[in-house]
Amino acid sequence: MALYPNLIKEALQTVRYPGTGKDIISMKMLEDDIRIDGNSVSFSLIFDKPTDPFIKSIVKSAETAIKLKAGDDVQVEVKVKTRQAPRPEGPELLPDVKNIIAVASGKGGVGKSTVAANLAVALAGIGYKVGLLDADIFGPSMPKMFNTEGARPYAENKGGRDLIIPVEQYGIKLLSIGYFVDPEQAVLWRGAMASNALKQLIADADWGELDYFIIDMPPGTSDIHLTLVQTLGITGAVVVSTPQEVALADARKGIDMFRNEKVNVPVLGLVENMAWFTPAELPQNKYYLFGKEGCKRLAEELKVPLLGQIPIVQSICEGGDNGTPVALNPDTITGLAFRELAQSVAVATDARNHQQPPTKAVSTHS
């Protein structure tokens, strides 16, 4: 049978896109580049995204449809194009971000998210451009801490890619899975789903120019941690702990995870949270509720800096619940502590950048 363009189009009209049930011709997926050479035909199919899950099945169906219409001896070449530019990888993923800082803890309940939020605010307060990613997929807290629970980020097409525009609050660019799910319902996702969602928040967002990209990691060690170190070259890690022994044991594991030779992320230092309790009416008094200077001893033992000691003051909890981080007011006891922490992190990051080469994302290949 002689091949001609309308025959090809008629055959392709029988191919339906699984996501809509419409045929690929009416969906304008056929590029205007049909080439016929004797018994061979080539053409391009256009998909919205390079990650479209139906690419392989549509290509196979197109080949089959043409052979059914024109005969099994027809040679069919289907080229795949996408309307959206492919997602960059490696160093090109966040080209305008100078430093990526992971804020981590070996266990939950030590105030890691509070430290991450206030560190971001304090860094912005001393003049840096800051982004904050809430990577705690199963327990996102940043929308509440920044009083942005009602925010719903939207996407804009930039450079041929649909990019999520981060929420902005207190001079910080924010993204959290909490903006995309019902806050009243638990996130029940398998590991792969959570990892893919996290990759989208990193790679498919318009973070722009940042001096510091702070990542609030989930507590402990998990698939999410692996996804992050495989996706990004993390400049350094800040590990948060309380002074009590059980927390210090887990902080040690957290530091070991980053220092593992396969991960190899520099540890910028430790932060001792809940270092002591100071009543508002007695600001000179210190009550060591969870032990005294446990993180200082661990930092000395592991030869990492103690970046800061954050006291317990009622305003920390109130600030987190009200969506106004205490670091917004550097004149308070805790506001000053976070301002000093931000300065310590900036100094440690600068020293790390002068002394060590850039961190590379962990390769998934042996």
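Use the structure listed above.
Residues numbered from 1 in each chain as written. Predicted model: local features only at pLDDT ≥ 70, side-chain atom pairs only at ≥ 80, totals over all residues. Heavy atoms only, no water.

1. Quick look at the packing of helix α7 (residues 245-259) against helix α8 (residues 294-302)
Stated precisely, the cut-off is as follows: Axis angles are defined between N-to-C directions and span 0 to 180 degrees, where every axis is a line fitted to C-alpha atoms and, for a helix, only to the segment in contact. Helix and strand assignments follow DSSP, with helices taken as H or I runs no shorter than four residues and strands as E runs no shorter than two, numbered in order from the N terminus. Throughout, a crossing is termed right-handed when the near helix is turned clockwise from the far one, and left-handed when it is turned anticlockwise from it by less than a right angle. Note on contacts: a residue pair is in contact if any heavy atoms of the two residues lie within 4.5 Å.
The interhelical angle for the contact between α7 and α8, taken along N-to-C directions, is 35 degrees, at an axis separation of 10 Å. Pair α7 / α8 crosses with right-handed handedness. Packed against α7, whose contacting residues are E245, L248, A251, R252, I255 and R259, the element α8 presents G294, C295, R297, L298, E301 and L302 at the interface.

2. Brief notes about helix α1 (residues 5-12)
Rules: Buried means the residue's accessible area, taken with a 1.4 Å probe over protein chains only, is under 20% of the maximum for its type, while exposed means over 50%, and partly exposed covers the values in between. This arc is taken over the directions from the axis of the helix to the C-beta atoms.
By the burial criterion, the buried members of α1 are L7, I8, A11 and L12. Seen along its axis, α1 keeps its buried residues to an arc of 130 degrees; they face one direction. Where α1 is buried, its residues meet β2 (40-47) and α2 (55-70).

3. A short note on the environment of E209
To be explicit about the condition: In the analysis that follows, any N or O atom pair within 3.5 Å is treated as a polar contact, provided that within protein one partner can donate a hydrogen and the other can accept it, and provided that, for residues neighboring in sequence, both atoms belong to side chains.
Within the secondary structure, E209 sits in the loop between α5 (191-203) and β10 (210-216). Taking the C-alpha atoms as reference, E209 lies 8.7 Å from V130; in sequence the two are 79 residues apart. In this structure, E209 is in contact with D96 and K129, ignoring residues within four places of it in sequence. At a separation of 3.5 Å, a polar atom in the side chain of E209 contacts the side chain of K129.

4. Brief notes about helix α3 (residues 112-125)
Heads up, the rule is: The span you would expect from a helix comes to 1.5 Å times its residue count less one.
For α3, which comprises 14 residues, the first-to-last C-alpha distance of 20 Å matches the rise-based estimate of 20 Å (1.5 Å per residue) to within 8%. Of all 14 residues in α3, 12 are buried; the element is thus mostly enclosed. Listed in full, the buried residues belonging to α3 are K112, S113, T114, V115, A116, A117, N118, L119, A120, V121, A122 and L123. Residue G127 follows α3 closely and has a positive phi angle near 105 degrees.

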